[in-house]
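# Commentary on secondary and tertiary structure
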Amino acid sequence: MNSLRTAKRFVFPLLGLWVLLYASFSLLKPPLLDGPDSINAEAAREMAVNGDWVTPHVNGVRSPQTPPLLVWITAASFKLFGVSDWAARLPLAFCALALFAVTLALGARLFLTPVAGFYAALILMTSFGIFLFTHLLYPVLLLTLWITLAMYFFWRSLRVASWQTAAGFAVACAVGFLSMGLAGAVLPVGIAVLFLFFTQNLRHLARWHPAIGVVVFLLIAAPWYVAAYLAARGQRPFAAPVHSVLRTPVLVFWAFALLWMIPWCFFAVAALARMSKKLFRGAGLDHDEQTMLLLVLWAGVVMVLYTFSSRQEFYVLPAIPALSLLAAGWLTADEAAPSRLGLVFAWIIFVSGLVKAAVAVFLAWHAPLPAPGTDIATLMHLHPEEHGPFFGYLFAFTFASMGAFRVPLLITAAALAAGGTANLVFRWKKKARMANCFLAGMMAFLLIAAHLALNTFSPVVSAAVLAEAIKPEVNANDVVVVSGPYEDASALGFYLERPVQMLNARADILAPWSFSPDAPKIFVDNAALGTLWSSGTRVFLWTTPGSVPTLPGEAYVVGRDGGREIVSNQPNNGGAAF
């Protein structure tokens, strides 16, 4: 009864923190980014418009490589609330809430106390990785949720191998499959089988109603897969990746597993340091050792699988709940019996936080404040061809550009100084829970600062501003052309709510299916563009100032922002907001 009251006491603060970080301002800004973020939103918008709920379409082209679940829930949101940024992000915000709730329940079961569940949910909620990818339309957050749910049912099955837990595990695998393809089923099954292998308990699979699990999985996953296969005329769904980017170096990829959950990663590493060598030696493990084994295998299988596949920084996300649970277990034990190591961590966080706060204040105070209306791209050294999805842009920032981030820098400085100091003081007084809560408060403000900074930076990575600016000028018969691959300016089509054409971009992600008889003609070459330019049709060309192709007539700049511009064969008629 006391445990139940304790669990209920934790729910309301966590729910309030979720509303603050995930269900308020962050739904509205920044605009959707070019690349998978706006590509998936466009697939959902077209699904809501054309009513084809089997095969996603992007820019009018069939896109069978897109797993459907994210597109379905986003399209449903558009149907209910209309097409907007916040409607696109709302489903993932609720999926994040479900992830926190499952982690709360799983942590309480793994460590036999709701305190551990509270810490695990709190860590996830205030982790950079979860926060960032809940606000980007990437299916990896869904995969993270379903793996966590599968582990919840698997752990319950070890106590009672009921058909309900088998069905629940199968449901999690099936919706994982609909979220990210085979990885959604392979990862949870692989983790469970390895756990049973190391505990010499593979016979559990026979007791765990395998027939029910297989039937439930097929009932959920097979209908869509068969329908998509038939609609794609024999092409297998998930036959190609959604996007193509440079692979992250192996050591950097593994480092992201910790970087995404700074400063909580200190406690996860401390928990791993206590790992007993007997974990992988067979049966006879007690409850705590089984918990440790499951979490280590969970994180390890995810990291190893993606090390040898896509290896992008966001693919470490499914390992973060396991690491958060490890950190939560350590914090729970430390709260009951404060350790010297906790104080050491508090000193590290305090000293490093003060150094970072000093740097942030220096940059905010001394960097020149840009004039109103200044294009952030003009203050940076941009080399788009060298950037990965996110962190390649860190090397493009200059001292002059820091003035545009004055407010986020000051929030960062205040949060680091106040949070680090309070954490140290309460650790010193052996009040671990207060120290941890101040640490979570510090992270909440850092996430808010990061979100404000991304909004300021967004013109560099999103065509949304240009699209919204020219939208009043674009008529139904006009032609919009992107100089380059579709993903470079995918937000343009979403915000204009119309198809665009690509100039000299046969390597585009849409190319494999653009040759189908029912596909629209979306590619043009220089000759075709020149013909359009000289005709009476108005043409809007998205490009960069230094790479405007040779055109047969006058080119009028009707919009410029984020280091990109839109030129037209006709001057601005006054509708564009520039």
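Relevant structure appears above.
Residues numbered from 1 in each chain as written. Predicted model: local features only at pLDDT ≥ 70, side-chain atom pairs only at ≥ 80, totals over all residues. Heavy atoms only, no water.

## With respect to the overall build of the protein
Put simply, the test is: Numbering of helices and strands starts at the N terminus; helices are DSSP runs of H or I of at least 4 residues and strands are runs of E of at least 2. Radius of gyration here uses only the C-alpha atoms, and the compact-globule reference equals 2.2 Å multiplied by the residue count raised to the power 0.38. Think of it in three bands: with a 1.4 Å probe and only protein chains considered, a residue is buried below 20% of the maximum accessible area for its type, exposed above 50%, and partly exposed in between. We call two residues in contact whenever any of their non-hydrogen atoms come within 4.5 Å of each other. Here the open area of atoms and residues is found with the Shrake-Rupley method and a 1.4 Å probe, where only the protein chains shown may cover a residue. In this tally Asp and Glu are treated as negative and Lys and Arg as positive; neither His nor the chain ends contributes. Charge positions come from single atoms, namely NZ of Lys, CZ of Arg, CG of Asp or CD of Glu.
Summing up its helical and strand segments, the protein has 22 helices and eight strands in all. For 578 residues, the compact-globule estimate of 2.2 N^0.38 gives 25 Å, and the protein sits close to it at 25 Å. Dimensions of the protein, computed from the C-alpha atoms along their principal axes, are close to 80 × 60 × 40 Å. Residues counted as buried form 56% of the 578 residues belonging to the protein. Long-range pairs, those at least 24 residues apart, make up 73% of the contacts in the protein between residues at least 6 apart in sequence. By element, 68% of the accessible surface of the protein is carried by carbon and sulfur atoms, the whole surface being about 23900 Å². Computing the positive centroid from 36 side-chain charges and the negative centroid from 27, the protein places the two 17 Å apart.

## Some words on the nonpolar core
Most often, soluble globular proteins keep nonpolar side chains buried together rather than apart. Convention followed: As used in this record, nonpolar core signifies buried Ala, Val, Leu, Ile, Met, Phe, Trp, Tyr and Cys residues forming a set joined through side-chain atoms within 4.5 Å.
W298 and L492 are the most contacted members of the largest nonpolar core, which has 181 residues in total. The greatest single-element share of this core, amounting to 14 residues, is contributed by helix α7 (residues 140–159). One finds V479, V524, V539 and L551 within the second-largest nonpolar core, a separate group that totals 11 residues.

## Overview of the sheet that holds strand β4 (residues 501–503)
Where we set the bar: When DSSP finds two or more bridges between a pair of strands, those strands are recorded as paired.
The strand order across the open sheet formed by six strands is β5-β4-β3-β6-β8-β7, and the pairing between neighbours is mixed. Of all the strands in the sheet, the pair left with one neighbour each is β5 (523–524) and β7 (556–561).

## A closer look at helix α9 (residues 183–198)
Convention followed: The length a helix should cover is 1.5 Å for every residue beyond the first.
Taking 1.5 Å of rise per residue, 16 residues should cover 22 Å, and α9 covers 22 Å from first to last C-alpha, within 8% of that figure. Here the buried face of α9 lies against α7, α8 (163–180), α10 (204–207), α11 (210–231) and α14 (287–307). Just downstream of α9, Q200 is the residue with a positive phi angle, here 55°.

## Considerations on a nonpolar patch on the surface
The test is simple: Like-charged residues within 9 Å of one another, or nonpolar side chains (Val, Leu, Ile, Met, Phe, Trp, Tyr) within 5 Å, are grouped into patches, provided each residue has over 30% relative accessible area and no salt bridge. Think of a salt bridge as a Lys or Arg side-chain nitrogen and an Asp or Glu carboxyl oxygen that are within 4 Å of each other.
On the surface, V189, V193, F197, L202 and L205 cluster together into a nonpolar patch covering about 390 Å² of accessible area. Residue contributions to the nonpolar patch peak at three residues, all from α9. Examined against the element boundaries, V189 turns out to sit in helix α9. Given the relative accessible area of 38%, V189 is considered partly exposed.

## Quick word on the pairing of strand β6 (residues 539–543)
In the case of a regular strand, side chains alternate between the two sheet surfaces. With five of five residues buried, β6 is to be regarded as a mostly interior element. Because side chains alternate across β6, one face comprises the buried residues V539, L541 and T543, and the other comprises F540 and W542, equally buried.

## What about the side chain of T126?
Heads up, the rule is: N or O atoms within 3.5 Å of each other form a polar contact, as long as, within protein, one can give a hydrogen and the other can take it, and as long as residues adjacent in sequence are counted only when both atoms are side-chain atoms.
Summarising the element assignment, T126 is placed in the loop between α5 (114–125) and α6 (128–134). On the basis of relative accessibility, which here comes to 0%, the residue T126 falls in the buried class. Side-chain polar atoms of T126 contact the backbone oxygen of L122, separated by 2.7 Å. If near-sequence neighbours (up to four positions away) are discounted, T126 is found in contact with L17, W264, A440, M443 and L447.

## With respect to helix α12 (residues 250–259)
Because each turn of an α-helix spans 3.6 residues, side chains separated by three or four positions end up pointing in the same direction. In plain terms, the rule: Working note: the arc is built from the helix axis to C-beta atom directions.
Considered for burial, the residues of α12 that qualify are F253, F256 and A257. One side of α12 carries all its buried residues, which in axial view fall inside an arc of 105°. Of the surrounding secondary structure, the elements contacted by the buried residues of α12 are α14 and α15 (320–336).

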